[in-house]
Amino acid sequence: MLWILLLVILVALGWYALTQRGTTDTAELPPTPVIDDPAAPPAEREPATRATPRADTAPARPADREARPLEQPEIPYPPAAARSREEGSLILLVQVDANGNATDVTVEKRSGSRDLDRAAQQAVRDWKFEPAIQGGKPTASTVRVPIDFTLQDAG
């Protein structure tokens, strides 16, 4: 009889220790899914871990995106345009290769000043770009780069 009493006390102590371990964490966990119960709703038959990718799977490929400048250094204001107090905005079409180099720079929308257009083209040819990504791989593309020249830039 004494052995049975000791056994009951040991089981009770073990149960108490198990229920007290991590009590703050278990209150926030979702209920354990019932996988073998055919009467359970489908959402409960599937473990939650199946909805998320496994850690040993291949990493996701980068999302498709357009090319973009890594940095946009200030474009020097042409001295002749500054003397003539010329201002303007233009848009350049820049062909960017898969390595991020500008391979061709053309003017899509002119500023009204040949000096401003040329200065912008020459400066952007030296810019480094982050290439476009398609299908997870860098690819050549065209990007529009707006440029504004105001006399406060010539300062």
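Above this text you will find the structure in question.
Structure report, in brief. Along each chain, numbering runs from 1 in the same order as the chain's sequence is written. Per-residue local features of the predicted model are confined to residues with pLDDT of at least 70, and side-chain atom pairs are confined, for both listing and counting, to 80 or more; whole-chain, interface and lining totals are unaffected and use all residues. Side-chain descriptors were evaluated using all non-hydrogen atoms of the structure, hydrogens and water having been removed beforehand.

Looking at the pairing of strand 7 (residues 141-149)
Phase 1 of the analysis: Across the two faces of strand 7 the burial differs, with Ser 141, Val 143, Val 145, Ile 147 and Phe 149 buried and Thr 142, Arg 144, Pro 146 and Asp 148 not buried at all.
Phase 2 of the analysis: The pairing of strand 2 (residues 88-96) with strand 7 spans nine bridges and is antiparallel. Each bridged residue has a counterpart across the sheet, and for Gln 95 the counterpart in strand 7 is Thr 142. Burial classification: accessible surface area is computed with a 1.4 Å probe over protein chains only, and a residue below 20% of its type maximum counts as buried, one above 50% as exposed, and the rest as partly exposed. Strands here are runs of E lasting at least two residues and helices are runs of H or I lasting at least four, both read from the DSSP assignment and numbered beginning at the N terminus. Pairing between two strands requires that DSSP report at least two bridges joining them.

Observations regarding the sheet that holds strand 3 (residues 102-109)
Phase 1 of the analysis: Here we have three strands laid out as an open sheet, ordered 3-2-7, and antiparallel in their pairing. Of all strands in the sheet, those bounded by a partner on one side alone are strand 3 and strand 7. Within the sheet, the average angular offset between the axes of one strand and its neighbour, ignoring direction, is 30°.
Phase 2 of the analysis: The sheet contact formed by strand 2 and strand 3 spans six bridges and is antiparallel. Each bridged residue has a counterpart across the sheet, and for Leu 93 the counterpart in strand 3 is Thr 106. As a rule, the C-alpha atoms of each element are fitted with a line to give its axis, helices using only the stretch in contact, and angles between N-to-C directions run from 0 to 180 degrees.

A closer look at the pattern of salt bridges
Phase 1 of the analysis: Salt bridge, as used here: a side-chain nitrogen of Lys or Arg that lies within 4 Å of a carboxyl oxygen of Asp or Glu. Scanning all chains against the criterion turns up four salt bridges.
Phase 2 of the analysis: Between Arg 144 and Glu 108 there is a salt bridge, with its nearest N and O atoms 2.8 Å apart. Separated by 36 residues along the polypeptide, Arg 144 in strand 7 and Glu 108 in strand 3 bring together distant segments of the chain.
Phase 3 of the analysis: Assessed through its relative accessible area of 56%, Arg 144 is described here as exposed.

Here's the deal with the packing of aromatic side chains
Phase 1 of the analysis: Centres within 6.5 Å are what make two rings of Phe, Tyr or Trp a pair, Trp counting through its six-membered ring; a difference in plane orientation under 30 degrees is then read as stacked, over 60 as edge-to-face, and the rest as tilted. One pass over the full model with this rule turns up two aromatic pairs.
Phase 2 of the analysis: With a centroid separation of 5.4 Å and an interplanar angle of 90°, the aromatic rings of Tyr 77 and Phe 149 are classed as edge-to-face. Of this pair, Tyr 77 sits in the loop between strand 1 (68-69) and helix 4 (79-83) while Phe 149 sits in strand 7, and the two are 72 residues apart along the sequence.
Phase 3 of the analysis: Residue Phe 149 is classed as buried on the basis of its relative accessible area of 3%.
Phase 4 of the analysis: Here the aromatic rings of Trp 127 and Phe 129 are separated by 6.3 Å at their centres, their planes lie at 40°, and the arrangement is tilted.

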